[in-house]
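Secondary and tertiary structure notes
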Amino acid sequence: MGAIQHMHNERTAIVDNSVAGNSASEEVIAGNPSPDNNGPAAAIAAGVHEAAVAPTEVVDTALWRIAEQNRKTNAFSVIRTEQAKTEAADLEHRSDLEELPMAGVPVAIEHSLAVAGETVLAGSAAVDPTSARTDDQVVRRLRAAGAIIVGLTSVSELGLWATTDGAGHITRNPWNPKRTAGGASGGAAAAVAAGLVPVAHGADGFGSVRIPAACCGVYGFKPGRHIVPNLDDWSGMSENGVLATTVGDAALMLSVMAARPNLAEVDPPGRLRIALAVDPPLRFLRVDRQWATAARTAAAVAAAAGHRVELTTLPYGSALLALLLRWLAAPLPAAARLTHPERLQPRTRQHLALGRLVLRLRLVRPAQIDRIEARLLEFFERYDVVITPALAAPPPKARAWSVHGWLANVLTATHFSPFAPIWNLVGWPAASIPMGRHTRSNTPVAAQLAGPPGSEATLLRLSAQLEELRPWARTVH
């Protein structure tokens, strides 16, 4: 399956030779980029369409790799060995394989989405362990496109935390197992980065797809509101997203999940107006130089491709306060349905208690978001896309963060991942794209691309263009 795989002072352009071309910053190492940008998922589907490979072959290989490698990362919480084999065999007998865009592609689903016959535990012992009777609509669409669900990936409790661990397991970064894979969708990112599956689903609430994608050096995409079906959307702040080794594969899977085939088309975009914003959302936050360089690298590549790039500052305003208040309140509806709330992790219990206090004091008000969104809309009258660092620091150490207190977890997340959540607050699309390697942590670095409502196709096309000009190491192996 592996084979089927000088910044101007004027704010008018970015042509920083320290991060473009052959003089790439010594702080960012590109790794060993693959010349093939088509992506293993697309190649698998093409092979099945041409009868060059059978779905059972593909799935058997994926399951073998998962069985051999999963203990190194704890990417998967459930491996669907027999079910996946049966589904692959059934698929093989279909006469319409050529019409299925993801025929035979092994896919991982975050263990928070309903898959028939499997639990929907969301990383928590407090959730009803009864198996789901039916598939979530996103899962149904993936199956209908020919994808095979080979397993469910590890997720932080209720999708709340920026690291992924729980009782008896820690999800580790395939590039450096001493570091976390990030969260909440840490398992999905680790599975893709380790080469266990070419594509994976993840739910992005407050950066839950883009944070682990940046940690693990894969492409992560969060669509805007109402693009992909979402049953439990954290009041509009969480979306079903995609993680993949290539932009093309992510676009393919997103097009299926959204039932919008045009999203799979990633031809270069027209000339775009791009903003580069490397300042953090709060003044006291420090951005690691290598992560800032990742954003500048992406901007330099975009400028070299002909886009107009300006250095500017995003109007974050009071966004982080509004984010904190909504993050505290967001899980309360789901928490009210828990069958065993006494089994929640201590940090989660404190989080929910603070959330109830926030609601009781009526601290969450729509006008807060209205002001932030109005400033962003005004900003995007001048730009099509903004580029920021994806993270502000390397991934934290891989440890049992779930036994640490609420404040320790919050401070850690705030210091290493402050750039992602604002796009959840307003419900706009955003992506994390790899941009080299951090020389001290030996983990990837990445840039974040974001745009206004309806810019999913623009972000995907720009991402594919950046990937073609500056490809990255696809997987650890």
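Since the structure is predicted, the reported quantities are computational estimates derived from the model, not experimental observations. Counting of residues starts from 1 at the beginning of each chain's written sequence and follows it residue by residue. A pLDDT threshold of at least 70 governs which residues receive local features in this predicted model, and a stricter bar of 80 or more applies before side-chain atom pairs are shown or counted, although totals over entire chains, interfaces and linings include all residues. Based on all heavy atoms of the structure, the side-chain values leave hydrogens and waters out of the count.

**Concerning the pairing of strand S3 (residues 106-110)**
Taking burial as the measure, the five residues of S3 include five buried ones, the bulk of the element. Burial along S3 is two-sided: Pro-106, Ala-108 and Glu-110 facing one way and Val-107 and Ile-109 facing the other are all buried. Two strands qualify as a pair provided DSSP detects at least 2 bridges between them. Here a strand is any run of E in DSSP of at least two residues, a helix any run of H or I of at least four, and the numbering for each starts at the N terminus. Bridge count between S3 and strand S4 (residues 148-153): five bridges; the pairing is parallel. In the sheet register, Glu-110 faces S4, and the bridge partner there is Thr-153. A crossover gets the label right-handed when its path from the first strand over the helix to the second runs clockwise, viewed with the strands pointing away from the viewer. Regarding the hand of the β-α-β motif, the stretch spanning S3, helix H4 (residues 137-144) and S4 is right-handed. Pairing of S3 with strand S9 (residues 199-205), which is carried by two bridges, proceeds in the parallel orientation. Its bridge partner being in S9, Ala-108 is matched across the sheet by Ala-200. Relative accessibility under 20% of the residue-type maximum defines a buried residue, over 50% an exposed one, and the middle range a partly exposed one, all with a 1.4 Å probe and only protein chains included.

**Here's the deal with the side chain of Gln-465**
Along the chain, the position of Gln-465 falls in helix H15 (residues 456-469). Judged by its relative accessible area of 11%, Gln-465 is buried.

**Here we look at helix H5 (residues 186-193)**
H5 sits mainly inside the fold: eight of its eight residues count as buried. Every buried residue of H5 is accounted for by Gly-186, Gly-187, Ala-188, Ala-189, Ala-190, Ala-191, Val-192 and Ala-193. Gly-195 occupies a position one or two residues after H5 and carries a positive phi of about 80°.

**Here we look at unusual backbone geometry**
A cis amide bond links Gly-183 with the next residue in sequence, Ala-184, at an omega value of 5°. As for its position among the elements, Ala-184 is in the loop between strand S8 (176-180) and H5. Of note in the backbone geometry, His-226 takes a positive phi value of approximately 70° without being a glycine. Unlike most non-glycine residues, Ala-259 shows phi in positive territory, near 55°. Along the chain, the position of Ala-259 falls in the loop between helix H7 (247-258) and strand S12 (273-276).

**Here's the deal with the pattern of salt bridges**
Any Lys or Arg side-chain nitrogen located within 4 Å of an Asp or Glu carboxyl oxygen qualifies as a salt bridge. Overall, the coordinates contain 11 salt bridges when judged by the stated rule. Glu-118 is the partner of Arg-80 in a salt bridge, and the nearest nitrogen-oxygen pair spans 3.0 Å. One end of the pair, Arg-80, is in the loop between strand S2 (76-79) and helix H3 (81-92); the other, Glu-118, is in the loop between S3 and H4, with 38 residues separating them in the sequence. With a closest N to O distance of 2.3 Å, Glu-310 and Arg-308 form a salt bridge. With relative accessibility at 9%, the residue Glu-310 sits in the buried group. Under the relative-accessibility criterion, Arg-308 is labelled partly exposed at 31%.

**Considering empty space enclosed by the protein**
Residues are said to line a cavity or pocket when one of their atoms sits within 4 Å of a point; the points come from a 1 Å grid over protein atoms alone, cavities being sets where a 1.4 Å probe fits but cannot get out and pockets being open sets with protein on both sides within 12 Å along at least five of seven lines. Grid points are joined across faces, edges and corners, and a volume is the space filled by probe spheres set on the points. Taken as a whole, the second largest cavity encloses approximately 40 Å³ of empty space. For the lining of the second largest cavity, the secondary-structure elements that each account for two or more residues are helix H6 (210-216) and strand S15 (430-438).

**Re the environment of Leu-469**
By secondary structure assignment, the location of Leu-469 is in helix H15. For the pair formed by Leu-469 and Ala-298, sequence separation is 171 residues and the distance between their alpha carbons is 10.0 Å. Apart from residues no more than four positions distant in its own chain, Leu-469 is found in contact with Val-301 and Ala-305. Should any heavy atoms of two residues lie within 4.5 Å, those residues are considered in contact.

Just geometry here; none of it tells us what the structure is for.
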